[in-house]
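Residue strings, one per chain:
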Amino acid sequence: MQVALKIWRYDSTTGERALRDYEIDAPDEATLLDCLDIVKDKHDGSLAYRKSCRMMICGSCGMRMDGAAVLACKTRMYDIAQEGRVPVISAMGNLPIVRDLVVDMDSFWGKFKAMKPYLQPGFDVPEDGREYRISQERMNVIHKEALCINCGCCVSECNAMESDPEFLGPQALAKGMRFVGDPRDAATVERLEEYSGPHGIWECTRCFFCNERCPKGVDPRDAIAKLGAEAIQHGIDRDMGAKHAKWFIRSTETTGWLRETELVPKTQGVVSSIKQMKFAMGLIKHNKAGLAFPPHVARDVGEARNLRKLVREQDRQGALGHVQGERALARLAHGHSGDESLEDIYARQGAYAQPYLPGEGSAGGQGSLTQADVTPGQEPTKKPGGGA
Ligand code: SF4
Ligand code: SF4
Ligand code: FES
């Protein structure tokens, strides 16, 4: 097939930048990475990009295609070439470009290391001296996070990092959740304290671009939501973001809707509220302050209360209460038409996997209980006396 590409070339030593056109002959099964290899081998040996495994596991080949992060070795070119599209290839966002498609990952790895991405000692050693065994349900909470290959595609698209480059970011926080959720780790509280600081959990703007772009189904935004839930469960709620989240729950439980006028005093405190009095007076003047007393109670408030009751009865606290698959829920909100059952919607071509609570597992796909890389059963993999 004939593949046409436009590639942003950049040299950080001279500051030279140019969008170059390439047209190559590639096999039908070629990926974007294969095409870049052909460009480099046959057309322009000066093109710089990273690669290693060519099979979506090393995380080296993250870059942007038409402005959205992709793994080059996962991106097939056949349909694009057939459509006659000429994609624009550029380096990942939110990281300084060194040359062409190669970015400086120092800050990325610095944040990764700051998460202390290894088990902290202090956990109980199993009495029989054998392998530490964890229930499948417990591991399902961090199954998706453990799939991260540190490619940086999520970081490339992160809105919060654009405004605050110090923000820990989706990749580092997903890694943090991988250890917070691991029952063998003995530093849960210390981790949550650290991750809840400035530039941490609560700085995420919930734009969901990281979930959208992650090529491995890690869903880093979900991981950040789990960290937030764990922090609140452990009483680490100093941050305004945590207070905000708590008020959402309290407000919807008591009246069935969000009482925004009380949001400022509840999250920012009295002093800050007084400072914003002028703005509040403006709202009152234009009848937009929603100061009805007693506050308006939604007609179906019972449903919100029942939901809260259910969560309490099932004891789904912290990360265990997080519904996996928020994208699926978001899609549902816009895609439900009349007579279709939920099963019909999830059976649609290209539909997201059905949301599920930890322990239930989805029927298939990332994070499912049937996926090959989830170890089934309870048998230890290491037998006494050695051997696998
Ligand atoms: S959801 Fe949060 S972490 Fe993910 S890309 Fe948006 S701001 Fe960044
Ligand atoms: S969370 Fe996904 S996109 Fe982000 S670094 Fe890990 S694998 Fe890549
Ligand atoms: S080359 Fe390893 S993930 Fe693409």
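Description of the structure in this document. One numbering rule holds for all chains: residues counted from 1, following each sequence as written. As a convention, the first chain written is A and the first ligand written is 1, with the rest following in written order. The predicted nature of this model means local features are confined to residues of pLDDT at least 70 and side-chain atom pairs, given and counted, to a pLDDT of 80 or more, with totals for whole chains, interfaces and linings taken over all residues. As a rule here, side-chain values cover all heavy atoms of the structure and leave hydrogens and water aside.

Labels follow the DSSP assignment, with helices taken as runs of H or I lasting at least four residues and strands as runs of E lasting at least two, numbered in each case from the N terminus. Per the secondary structure count, the protein includes 16 helices and seven strands. Relative accessibility thresholds used throughout: buried, under 20% of the residue-type maximum; exposed, over 50%; partly exposed, between the two (1.4 Å probe, protein chains only). Among the 388 residues that make up the protein, the fraction classed as buried is 41%. To measure how exposed things are, a 1.4 Å probe is used in the Shrake-Rupley method; for residues, cover is taken only from the protein chains shown. Entry remark: accessible area of the protein is about 21400 Å², with carbon and sulfur atoms responsible for 53%.

Think of a salt bridge as a Lys or Arg side-chain nitrogen and an Asp or Glu carboxyl oxygen that are within 4 Å of each other. Under the criterion given, the structure shown has 23 salt bridges. One salt bridge in this structure joins Asp 66 and Arg 85, with 3.0 Å as the shortest N-O distance. Linking Asp 66 in the loop between β3 (62-65) and β4 (68-71) with Arg 85 in the loop between α2 (78-83) and β5 (88-90), this pair joins segments that are 19 residues apart in sequence. Arg 191 is the partner of Asp 185 in a salt bridge, and the nearest nitrogen-oxygen pair spans 3.0 Å. Across this residue pair, the class does not change: Asp 185 and Arg 191 are buried. One continuous salt-bridge network, built from bridges that share partners, spans Arg 9, Asp 44, Arg 99 and Asp 100.

Residues Gly 62 and Arg 64 of β3 are buried on one face, and the alternating residues Met 63 and Met 65, pointing to the opposite face, are buried as well. Taken together, the four bridges between β3 and β4 define a ladder with antiparallel strand orientation. Of the residues in β4, the one forming a bridge with Arg 64 is Ala 69. Strand pairing is assigned whenever DSSP detects at least two bridges linking the two strands. Counted along the chain from β3 to the antiparallel partner β4, the turn is two residues long, and its residue Asp 66 has a positive phi close to 50 degrees. As judged from the two bridges shared by β3 and β5, these two strands associate in the antiparallel manner. For Arg 64, the partnering residue across the bridge sits in β5 and is Ser 90.

Turning our attention to the site of ligand 2. Close to ligand 2 lie 13 residues, the nearest being Cys 148, Cys 151, Gly 152, Cys 154 and Cys 214. Its residues placed into classes, the shell around ligand 2 shows nine nonpolar, three polar and one charged. It suffices for a single heavy atom of a residue to lie within 4 Å of a molecule or strand for the residue to be listed as near it. Each residue receives one of three labels: charged for Asp, Glu, Lys and Arg, nonpolar for Ala, Val, Leu, Ile, Met, Phe, Trp, Tyr, Cys and Pro, and polar for the others, Gly being one of them.

Attention shifts here to helix α14 (residues 301-313). Owing to its 3.6 residues per turn, the α-helix aligns residues three or four sequence positions apart on the same side. Under the convention used throughout, the expected extent of a helix is 1.5 Å for every residue step, that is, one less than its residue count. With 13 residues, α14 ought to run about 18 Å at 1.5 Å a step, and its terminal C-alpha atoms sit 18 Å apart, in line with that. A positive backbone phi angle near 55 degrees is found at Asp 315, which sits one or two residues after α14.

Another aspect to go through is the site of ligand 1. Residues in contact with ligand 1, as listed here, are Cys 158, Ala 160, Phe 167, Pro 170, Cys 204, Thr 205, Arg 206, Cys 207, Phe 208, Cys 210, Arg 221 and Ile 224. Considering only residue class, the shell around ligand 1 consists of nine nonpolar, one polar and two charged.

This part takes up the environment of His 234. Tracing the backbone shows His 234 in the loop between α10 (220-233) and α11 (240-255). Judged by relative accessible area, His 234 falls into the partly exposed class, the value being 36%. With 45 residues separating them along the chain, His 234 and Val 189 place their C-alpha atoms 7.2 Å apart. Polar contacts, as used here, are pairs of N or O atoms within 3.5 Å; protein pairs need one atom able to donate a hydrogen and one able to accept it. Residues neighboring in sequence count only if both atoms are side-chain atoms. One polar contact links the side chain of His 234 to the main-chain carbonyl oxygen of Glu 230, over a distance of 2.8 Å.

A few words now on the packing of helix α3 (residues 106-114) against helix α7 (residues 169-180). With their axes 9 Å apart at the nearest point, α3 and α7 run at an angle of 20 degrees to one another. Put simply, α3 runs roughly parallel to α7. The interaxial crossing formed by α3 with α7 has right-handed handedness. Residues Phe 108, Lys 111 and Phe 112 of α3 lie in contact with α7, whose contacting residues are Gln 171, Ala 172 and Lys 175. Considered class by class, the residues forming the contact of α3 with α7 number three nonpolar, one polar and two charged. Orientation is described by axes fitted as lines to C-alpha atoms, over the contacting stretch for helices, and by angles from 0 to 180 degrees between their N-to-C directions. Comment on the angle field: the value is read as roughly parallel under 35 degrees, roughly antiparallel over 145, roughly perpendicular from 65 to 115, and oblique elsewhere. The hand of a helix crossing depends on one turn: near helix anticlockwise from the far one by less than a right angle means left-handed, and clockwise means right-handed. The contact criterion used throughout is that any non-hydrogen atoms of two residues lie within 4.5 Å.

Which parts of space are left empty comes out when a probe the size of a water molecule is rolled across the atoms. Method remark: on a 1 Å grid restricted to protein atoms, a set of points is classed as a cavity if a 1.4 Å probe fits but cannot get out and as a pocket if it is open with protein on both sides within 12 Å along at least five of seven lines; lining residues have an atom within 4 Å of a point. Grid points are joined across faces, edges and corners, and a volume is the space filled by probe spheres set on the points. The computed volume of the largest pocket comes to approximately 1600 Å³. Around the largest pocket, the lining comprises 40 residues; the ones closest to its centre are Ala 229, Ala 245, Ile 249, Arg 308 and Gly 321. Contributions of two or more residues to the lining of the largest pocket are made by α10, α11, α14 and α15 (326-335). If you tally residues by element for the lining of the largest pocket, the top one is α11, at eleven residues.

What follows is about the environment of Ala 68. Its location among the elements puts Ala 68 in strand β4. Residues Ala 68 and Met 92, 24 residues apart in the sequence, show an inter-C-alpha distance of 8.4 Å. With residues up to four places along the chain from it excluded, the contact list for Ala 68 reads Met 63, Glu 157 and Arg 213.

So, about α3. Within α3, burial applies to Phe 108, Lys 111 and Phe 112. Mapping the buried residues of α3 onto a view down its axis gives an arc of 105 degrees, with all of them on the same face. Facing away from the buried side of α3 by more than 90 degrees, the exposed set consists of Asp 106 and Lys 113. On its buried face, α3 is in contact with α5 (153-156), α6 (159-163) and α7. Note that the arc is computed from the directions linking the helix axis to the C-beta atoms.

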